[in-house]
Amino acid sequence: RGVYYDGWNPSSAPVKYGPEEYVDRFAREASIPAADVPWTAARIALITQAHFPPGQLEHARAQMPDWLSDIVAGADEPMQVDGDRNVTQADDRLEELAAA
């Protein structure tokens, strides 16, 4: 079969992203500002970590490029929010989504 195999669809092949493209796509698909991506990605990882066996998230992060692992590891800056929303409400909503 060589390089190709039955049923292979090249349009479904994974797409590689650099840091900027990753942040832009994450922000677009999550409907959040790009500045909030590190905070949001870190919170998602933190919440989902409770559902993984011990060490599984760290193992997954070890397979990522350093720049992506750094984004998932978290940011020191708090999420910027608008209006009457606050970080606690955002954390609560992420926990609700993780529990679903």
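(A) Representation of the overall build of the protein. Of the regular secondary structure elements, the protein holds five helices and zero strands. Moving toward the C terminus, one meets the helices and strands of the protein in the order α-α-α-α-α. Scored against the burial criterion, the 100 residues of the protein give a buried share of 21%. In the protein, the proportion of contacts linking residues at least 24 apart, taken out of those at least 6 apart, comes to 63%. Carbon and sulfur atoms make up 53% of the accessible area of the protein, which totals about 7,600 Å².

(B) Highlighting unusual backbone geometry. For Ser31, which is not a glycine, the phi torsion comes out positive at approximately 55°. Relative to the elements of secondary structure, Ser31 occurs in the loop between α1 (19-30) and α2 (37-49). On the basis of relative accessibility, which here comes to 67%, the residue Ser31 falls in the exposed class.

(C) Representation of α1 in the model. Helix length check: α1 (12 residues) gives 16 Å between terminal C-alpha atoms against 16 Å at 1.5 Å per residue, within 8%. In the segment just after α1, Ser31 is the residue with positive phi, at about 55°.

(D) Spotlight on the packing of α1 against α2. The contact between α1 and α2 brings their axes to 10 Å, and the two run at 75°. Judged by the inter-axis angle, α1 sits roughly perpendicular to α2. The residues of α2 that touch α1, namely those facing Val23, Phe26 and Ala27, are Val37, Thr40, Ala41 and Ile44. Of the residues belonging to the contact of α1 with α2, the class tally is six nonpolar, one polar and no charged.

(E) Just the packing of aromatic side chains, in detail. Across all of its chains, the model carries two aromatic pairs by this definition. Among the aromatic residues, those joined into a cluster by ring pairs are Tyr22, Phe26 and Trp67.

(F) A look at the confidence of the model for the protein. Confidence along the protein averages 77 in pLDDT terms, with 72% of residues attaining 70 or more. Of all secondary-structure elements in the protein, the lowest mean pLDDT belongs to helix α5 (residues 87-99), at 63, while α1 reaches the highest, 92. Contacts for the low-pLDDT stretch residues 75-86, under 50 throughout, to residues beyond four places or in other chains number 16 contacts.

(G) Highlighting the pattern of salt bridges. Summed over the entire model, instances satisfying the criterion amount to one salt bridge. Its salt-bridge partner being Arg25, residue Glu29 comes within 2.5 Å of it at the nearest N-O pair. Linking Glu29 with Arg25, this pair stays in helix α1, spanning four residues, or about one helical turn. The exposure class assigned to Glu29 is exposed, which follows from its relative accessible area of 54%. In this structure Arg25 comes out as partly exposed when scored by relative accessible area, which is 33%.

So, how was this worked out
Residues numbered from 1 in each chain as written. Predicted model: local features only at pLDDT ≥ 70, side-chain atom pairs only at ≥ 80, totals over all residues. Heavy atoms only, no water. Helix = DSSP H or I, 4+ residues; strand = E, 2+ residues; numbered from the N terminus. Buried < 20%, exposed > 50% of the residue type's maximum accessible area, 1.4 Å probe, protein only. Contact = heavy atoms within 4.5 Å. Areas by Shrake-Rupley, 256 points an atom, 1.4 Å probe, with all protein chains shown as cover. Expected span 1.5 Å × (residues − 1). Axes fitted to C-alpha atoms, helices over the stretch in contact; angles between N-to-C directions. Parallel < 35°, antiparallel > 145°, perpendicular 65-115°, else oblique. Nonpolar A, V, L, I, M, F, W, Y, C, P; charged D, E, K, R; others polar. Phe/Tyr/Trp six-rings, centres within 6.5 Å; stacked < 30°, edge-to-face > 60°. pLDDT = per-residue confidence, 0-100. Salt bridge = Lys/Arg side-chain N within 4 Å of Asp/Glu carboxyl O.

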